[in-house]
Amino acid sequence: MAKGEEKALRPKRAIERRGLAITGACVLLVAVLVLTLIFMVASRGLATFTTDGTPFASFMTGTTWNPHQNDANGIPLVGALPMIAGSFSVTLLSCLIALPFALGSAIFVVEVNPTFGTRVFQPLTELLVGIPSVVFGLVGLRIIVPWTRSWAGGTGYGILSGSIVLAFMILPTVTSLSIDAIRAVPQSYRDGSYGLGCTRWQTIAHVVLPSASSGILTAVILGMTRAFGEALAVQMVVGNAAQIPTSLTTPAATLTSVITTSMGNEAMGTVYNDVLWSLALVLLIMSLVFILIIHIIGRKGAPRG
Amino acid sequence: MTPINQGPVSTRPATGEGDAADLRSVILETRDVTVTYGTHEALHPTSLAFAAGEVTSLIGPSGCGKSTYLRSINLMNREIEGCKVGGQVIYRGQDVNAPGVDLFELRKHIGMVFQQPNPFHKSIYENVAFAPRRHGITKKSDLDQLVEESLRAAAIWDEVKDKLSESGFALSGGQQQRLCIARTLAMHPDIVLMDEPCSALDPISTFAVEETIRSMASRGICTIIVTHNMEQAARVSDRCAFFLLGEMVETGVTAEMFANPSDQRLDDYLTGRFG
């Protein structure tokens, strides 16, 4: 290499090094943030079991939530099962409510009327994503709660109302990801089915949906992740009673709703505060599990041909 | 919905063709079939007749309208938005390019094999049993028999008989294409349309598919195959039709056409002066 050429390259290399340093620092910052966040929640959450002396089993399976008091053996009454049950109930039920609508509209958008779908429907669902959760909560409080009370009985506050509000909130996520999944099915599959004399419905039910199933499952689990972590809107309609839910219409509580209602009132280092961190840790672990499941599905569904 | 005619094929001279002398049992005929996308006529009026047990190849350069023509026979073009098929497609004496004709019923009799092998994301068995299941065959023993018979007819049975429950994607490209042929044969079609079935395959797989096509013809199936490969057209087809720029230029018996092209454009194409 000529000497002049080498000289001309040098400043370029310096720029590249600087670029590497800047982008690398960004990556490092994000990675450190994520890891310290997990570490912090874990260390605080585990304090309940290490310093406060609560057995892990009584936290996970206990049904009495009253962290200010101790039971006969001097162990704090921090049974988290009511909240864990509440969180899973609203999550599963909201997905059950949202899925048929999401799937139905996704099929309409991709298979029936793509023009309307991309021009009108998708912008509309994106609008739904942008609505703040407090607005959903307010609508839930003023409309969903009285409505469920009118036909399901009870106070109207409870898992049912929470699930309906959550279903609205996760609908756009599940819908748009289902649209992507159905759209990703190669046209040649549909051609093959039509070429065999299958009707549109047979093609959708037996070729398109089975081929899109891993993508649809991912959509559902991402919706579940969102539902599981949503706090404000749920807290406004769920009733906030830390008891094992016996019916869909009795007041209940979720992990998130208990954290948001209590965190501001309890001093750092108290048993109550520690155990709220433990609830947060449960939330965090569940989110990680959901994301892990999505990755596993992604890897399994990848060789689609 | 008008039911699809199950009547016998007519034995009469082929219309719109030069060699009207030979009597062929015409099963399918197109009369002035056109295909338009919006205002663009992709296929000018085309009239051809096809007989049972005969292999016809449609040849011509890319974009000449041969695939478009093929896809208008089973009215697959109707699945494309903005596409219109004009003229008459006469299957067993009935015009099927008419309102009220049950397309899905028609496609049970006119099967189709595509350019890219497109097995479903299912097991080999389920790929073949797919169409019969949708069309009402549910008995396990009937399906078993149909699957074996179809795989044998597509000359792939010996290669897959021990792994029927494995995914269709586990097969090689050539095997996948023969699986797609088996899937089509499971409907017992009268006519099989093939859109460049070997363009994605290696020579050995191509040979296997060509063998399959010949054996289908010997069992009375009318096969219409689009191909870019002149040698393939010469090897497998009894008759041939040459398309250019959306127009059907010349048709006749393959051997005669290749030896003695009457149209200058076909002569040019065969000698490689264009295309």
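Just so it is clear, the model here is predicted, and its values are computed rather than measured.

Caption draft 1: A look at the domain arrangement of chain A. Residues and elements named next belong to chain A. Entries for chain A in the domain assignment read domain 1 (1-45) and domain 2 (81-301). Contacts between domain 1 and domain 2 engage six residues on the former and nine residues on the latter. Approximately 690 Å² of surface area, both sides summed, lies buried where domain 1 meets domain 2, with 73% of it carried by carbon and sulfur atoms. Its largest share of buried area at the contact with domain 2, domain 1 owes to Val41, Arg44 and Gly45, together 72% of the area lost on that side.

Caption draft 2: Summary view of helix α7 (residues 203-218) of chain B. All names here are of chain B. For α7, which comprises 16 residues, the first-to-last C-alpha distance of 23 Å matches the rise-based estimate of 22 Å (1.5 Å per residue) to within 8%. Those residues of α7 that are buried lie in contact with β4 (55-59), α4 (140-153), α6 (173-185), β8 (191-195), β9 (222-226) and α8 (230-236). The distance from a side-chain oxygen at the start of α7 to the backbone nitrogen of isoleucine 204 is 2.9 Å, and the residue carrying that oxygen is aspartate 202. Positive phi appears at glycine 220, one or two residues downstream of α7, with a value of about 90°.

Caption draft 3: Up close: the pattern of salt bridges. Evaluated as defined, the whole model comprises 15 salt bridges over all chains. The closest approach of N and O atoms between arginine 190 of chain A and glutamate 111 of chain A, which form a salt bridge, is 2.8 Å. Of the two residues, arginine 190 of chain A is situated in helix α7 (residues 187-195) and glutamate 111 of chain A in helix α3 (residues 81-112); the sequence distance between them amounts to 79 residues. Grouping residues by exposure puts arginine 190 of chain A and glutamate 111 of chain A together as buried. Of the charged contacts in the structure, one is a salt bridge between arginine 178 of chain B and glutamate 159 of chain B, with a shortest N-O distance of 2.9 Å. On the criterion of sequence distance, the pair formed by arginine 178 of chain B in helix α6 and glutamate 159 of chain B in helix α5 (residues 157-160) is long-range, its members being 19 residues apart. For glutamate 159 of chain B, a relative accessible area of 36% corresponds to the partly exposed category. Ionic contacts of the salt-bridge type, sharing partners, join the residues Glu247, Asp263 and Arg265 of chain B into one network.

Caption draft 4: Examining the packing of aromatic side chains more closely. The tally for this structure, following the rule as stated, stands at twelve aromatic pairs over all chains. Taking the centre distance of 5.9 Å and the plane angle of 85° together, the rings of phenylalanine 108 of chain A and phenylalanine 116 of chain A count as edge-to-face. Given a relative accessible area of 36%, phenylalanine 108 of chain A falls into the partly exposed group. Ring centres of tyrosine 189 of chain A and phenylalanine 169 of chain B lie 6.4 Å apart, and the angle between their planes is 35°; on these two criteria the pair is classed as tilted. On the criterion of chain membership, the pair formed by tyrosine 189 of chain A in helix α7 and phenylalanine 169 of chain B in the loop between α5 and α6 is interchain, its members lying in two chains. Members of the aromatic cluster, joined through ring pairs, are Phe49, Phe56 and Phe59 of chain A. Positioned above the aromatic ring of phenylalanine 130 of chain B is the side chain of arginine 134 of chain B, whose terminal nitrogen or guanidinium carbon lies 4.9 Å from the ring centre. The residue whose ring lies beneath arginine 183 of chain B is phenylalanine 120 of chain B, and the NZ or CZ to ring-centre distance is 4.3 Å.

Caption draft 5: Main features of the side chain of serine 87 of chain A. Residues and elements named next belong to chain A. Of note, serine 87 is situated in helix α3. The buried category is assigned to serine 87, whose relative accessible area is 2%. Ignoring any residue separated from it by four or fewer positions in sequence, one finds serine 87 in contact with Phe228, Ala253, Thr254 and Leu255.

Caption draft 6: The arrangement of the nonpolar core in detail. Residue and element names in this part refer to chain A. Residues Phe59, Trp65, Met83, Val165, Leu255, Val258 and Leu279 are the most contacted members of the largest nonpolar core, which totals 52 residues. Those elements that place two or more of their residues in this core are α1 (3-50), α3, α5 (133-152), α6 (159-183), α8 (200-229), α9 (232-238), α10 (255-262) and α11 (271-301). For methionine 83, the residues in contact, after removing those within four places along its chain, are Trp65, Ala242, Ala253, Thr254, Leu255, Val258 and Leu279.

Caption draft 7: Structural detail: the packing of α7 of chain A against α8 of chain A. All names here are of chain A. It is the contact of α7 with α8, at a shortest axis distance of 10 Å, that shows an interaxial angle of 145°. Regarding α7 and α8, the two cross each other, and that crossing is right-handed. Taken together, the residues of α8 that come into contact with α7 (itself represented by Tyr189, Arg190, Ser193 and Tyr194) are Arg200, Thr203, Val207, Val208 and Ser211. Of the residues assigned to the contact of α7 with α8, the class counts are four nonpolar, three polar and two charged.

Caption draft 8: Structural view of the interface of chain B and chain A. Between chain B and chain A, the residue contacts involve 24 residues of the former and 21 residues of the latter. Summed over both sides, the interface of chain B with chain A buries roughly 1700 Å², with 65% coming from carbon and sulfur. Looking only at chain B, the three residues that lose the most surface to chain A are Phe104, His121 and Arg134 of chain B, adding up to 29% of its buried area. Among the salt bridges present, the one from arginine 71 of chain B reaches aspartate 191 of chain A, with a minimum N-O distance of 3.6 Å. Our count for the chain B to chain A interface comes out at five residue pairs in polar contact (both at pLDDT 80 or more). Counting residues per element, the ones that place at least two in the side of chain B that touches chain A are α2 (103-109), β7 (110-113), α3 (124-134) and α6 of chain B. In terms of residue class, the side of chain B that touches chain A is made up of eleven nonpolar, five polar and eight charged.

Caption draft 9: Representation of the pairing of strand β1 (residues 65-70) of chain A. Residue and element names in this part refer to chain A. The pairing of β1 with strand β2 (residues 76-78) spans three bridges and is classified as antiparallel. Directly across from tryptophan 65, in β2, lies its bridge partner valine 78. Counted along the chain from β1 to the antiparallel partner β2, the turn is five residues long, and its residue glycine 74 has a positive phi close to 80°.

The rules behind these values
Residues numbered from 1 in each chain as written. Chains lettered and ligands numbered in written order. Predicted model: local features only at pLDDT ≥ 70, side-chain atom pairs only at ≥ 80, totals over all residues. Heavy atoms only, no water. Domains from an automatic or database assignment. Contact = heavy atoms within 4.5 Å. Buried area = accessible area lost by both parts, 1.4 Å probe. Helix = DSSP H or I, 4+ residues; strand = E, 2+ residues; numbered from the N terminus. Expected span 1.5 Å × (residues − 1). Polar contact = N/O pair within 3.5 Å; in protein donor to acceptor, adjacent residues only side chain to side chain. Salt bridge = Lys/Arg side-chain N within 4 Å of Asp/Glu carboxyl O. Buried < 20%, exposed > 50% of the residue type's maximum accessible area, 1.4 Å probe, protein only. Phe/Tyr/Trp six-rings, centres within 6.5 Å; stacked < 30°, edge-to-face > 60°. Lys NZ or Arg CZ within 6 Å of the ring centre and 35° of its normal. Core = buried A, V, L, I, M, F, W, Y, C linked by side-chain atoms within 4.5 Å. Axes fitted to C-alpha atoms, helices over the stretch in contact; angles between N-to-C directions. Left-handed = near helix turned anticlockwise from the far one by under 90°. Nonpolar A, V, L, I, M, F, W, Y, C, P; charged D, E, K, R; others polar. Pairing = 2+ DSSP bridges.

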